Amino acid sequence: QVQLVESGGGLVQAGGSLRLSCAASGSIGGVNAMGWYRQAPGKERELVALIALYTSNGATTYGDSVKGRVTISRDNAENTVNLQMNGLTFEDTAVYYCFLNTLFSNDWGHGTQVTVSS
């Protein structure tokens, strides 16, 4: 089984920055990508960022709402992905979920709350 542990969430003022991290452990096979989704109350989960893990030069994908404001990176040695978020607004308030996609399944972390205040 796979365990995904998120960290770095919290309260930040508008215009501020946060850095989220997700560490993966356990048995992982057929890995494709890892990244972040978010879900605000009453809304569907939304793509934040993904990074490929099956190549040394991981391609990245960003959601339209965060493109240009966030950067995803990986630490292969520690099976960790990081999400640097800048220029946060109230619209970024959500629970952020670490995500791992393999050929066989999707795995999710428990989520970390990000709250952006005025």
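Now for a description of the structure that goes with this document. Since this is a predicted model, take the numbers as computed values, not measurements.

Each value, and the rule that gives it
Residues numbered from 1 in each chain as written. Predicted model: local features only at pLDDT ≥ 70, side-chain atom pairs only at ≥ 80, totals over all residues. Heavy atoms only, no water. Helix = DSSP H or I, 4+ residues; strand = E, 2+ residues; numbered from the N terminus. Rg over C-alpha atoms; globule rule 2.2 N^0.38 Å. Buried < 20%, exposed > 50% of the residue type's maximum accessible area, 1.4 Å probe, protein only. Contact = heavy atoms within 4.5 Å. Areas by Shrake-Rupley, 256 points an atom, 1.4 Å probe, with all protein chains shown as cover. Salt bridge = Lys/Arg side-chain N within 4 Å of Asp/Glu carboxyl O. Core = buried A, V, L, I, M, F, W, Y, C linked by side-chain atoms within 4.5 Å. Pairing = 2+ DSSP bridges. Axes fitted to C-alpha atoms, helices over the stretch in contact; angles between N-to-C directions. Polar contact = N/O pair within 3.5 Å; in protein donor to acceptor, adjacent residues only side chain to side chain. Phe/Tyr/Trp six-rings, centres within 6.5 Å; stacked < 30°, edge-to-face > 60°.

## Examining the overall build of the chain
Right, on to step 1. If you tally the helices and strands in the chain, you get zero helices and eleven strands.
Right, on to step 2. Starting at the N terminus and walking to the C terminus, you meet the elements of the chain as β-β-β-β-β-β-β-β-β-β-β.
Right, on to step 3. Taking 2.2 N^0.38 as the reference for a compact globule, 118 residues should give roughly 13 Å; the C-alpha atoms of the chain span a radius of gyration of 14 Å, in line with that estimate.
Right, on to step 4. Principal-axis analysis of the C-alpha atoms gives the chain an extent of 45 × 25 × 20 Å.
Right, on to step 5. Burial statistics for the chain: of 118 residues in total, 40% are counted as buried.
Right, on to step 6. By sequence separation, contacts in the chain at least 24 residues apart represent 51% of the contacts at least 6 residues apart.
Right, on to step 7. Put simply, the chain shows about 6,300 Å² of open surface, and 49% of that area lies on carbon and sulfur atoms.

## Some remarks on the pattern of salt bridges
Right, on to step 1. In total, this model carries four salt bridges according to the counting rule given.
Right, on to step 2. A salt bridge links Asp 92 to Arg 69, with the nearest nitrogen and oxygen atoms 2.9 Å apart. In this pair, Asp 92 is assigned in the loop between β8 (80-85) and β9 (94-102) and Arg 69 in the loop between β6 (60-62) and β7 (70-75), connecting sequence segments 23 residues apart.
Right, on to step 3. Take Asp 92: its relative accessible area is 1%, and that puts it in the buried class.

## Some points on the nonpolar core
Right, on to step 1. Met 34, Trp 36, Leu 83 and Tyr 96 are the most contacted members of the largest nonpolar core, which has 26 residues in total.
Right, on to step 2. Among the elements of the structure, β3 (18-26), β4 (31-39), β5 (46-52), β7, β8, β9 and β11 (112-117) are those that each provide at least two residues to this core.
Right, on to step 3. If sequence neighbours within four positions are ignored, Tyr 96 has contacts with Glu 6, Leu 20, Trp 36, Tyr 37, Arg 38, Val 48, Met 85, Gly 111, Thr 112 and Val 114.

## Quick word on the sheet that holds β3
Right, on to step 1. Strand order across the open sheet formed by four strands is β1-β3-β8-β7, with antiparallel pairing between neighbours. Among the strands making up the open sheet, the edge pair consists of β1 (2-7) and β7. Ignoring strand direction, the axes of neighbouring strands in this sheet form an average angle of 15°.
Right, on to step 2. Strand direction decides the pairing type here: β1 and β3, joined by six bridges, are antiparallel. Each bridged residue has a counterpart across the sheet, and for Val 2 the counterpart in β3 is Gly 26.

## Here's the deal with the environment of Asn 106
Right, on to step 1. The topology assignment puts Asn 106 in strand β10 (residues 106-108).
Right, on to step 2. Judged by its relative accessible area of 44%, Asn 106 falls in the partly exposed class.
Right, on to step 3. Sequence separation of Asn 106 and Gln 39 is 67 residues, and the distance between their C-alpha atoms is 16 Å.
Right, on to step 4. At 2.7 Å, the side chain of Asn 106 and the side chain of Asn 101 are in polar contact.

## Focus: the packing of aromatic side chains
Right, on to step 1. Enumeration according to the criterion identifies three aromatic pairs in this entry.
Right, on to step 2. A centroid spacing of 5.2 Å and a plane angle of 70° characterise the contact between Tyr 37 and Phe 99, whose relative ring orientation is edge-to-face. Separated by 62 residues along the polypeptide, Tyr 37 in strand β4 and Phe 99 in strand β9 bring together distant segments of the chain. Like Phe 99, Tyr 37 is buried.
Right, on to step 3. Plain terms: the ring middles of Tyr 37 and Trp 108 are 5.4 Å apart, the flat faces sit at 70° to each other, and that makes the pair edge-to-face. One end of the pair, Tyr 37, is in strand β4; the other, Trp 108, is in strand β10, and 71 residues separate them in sequence.
Right, on to step 4. A network of ring pairs unites the aromatic residues Tyr 37, Phe 99 and Trp 108 as a single cluster.

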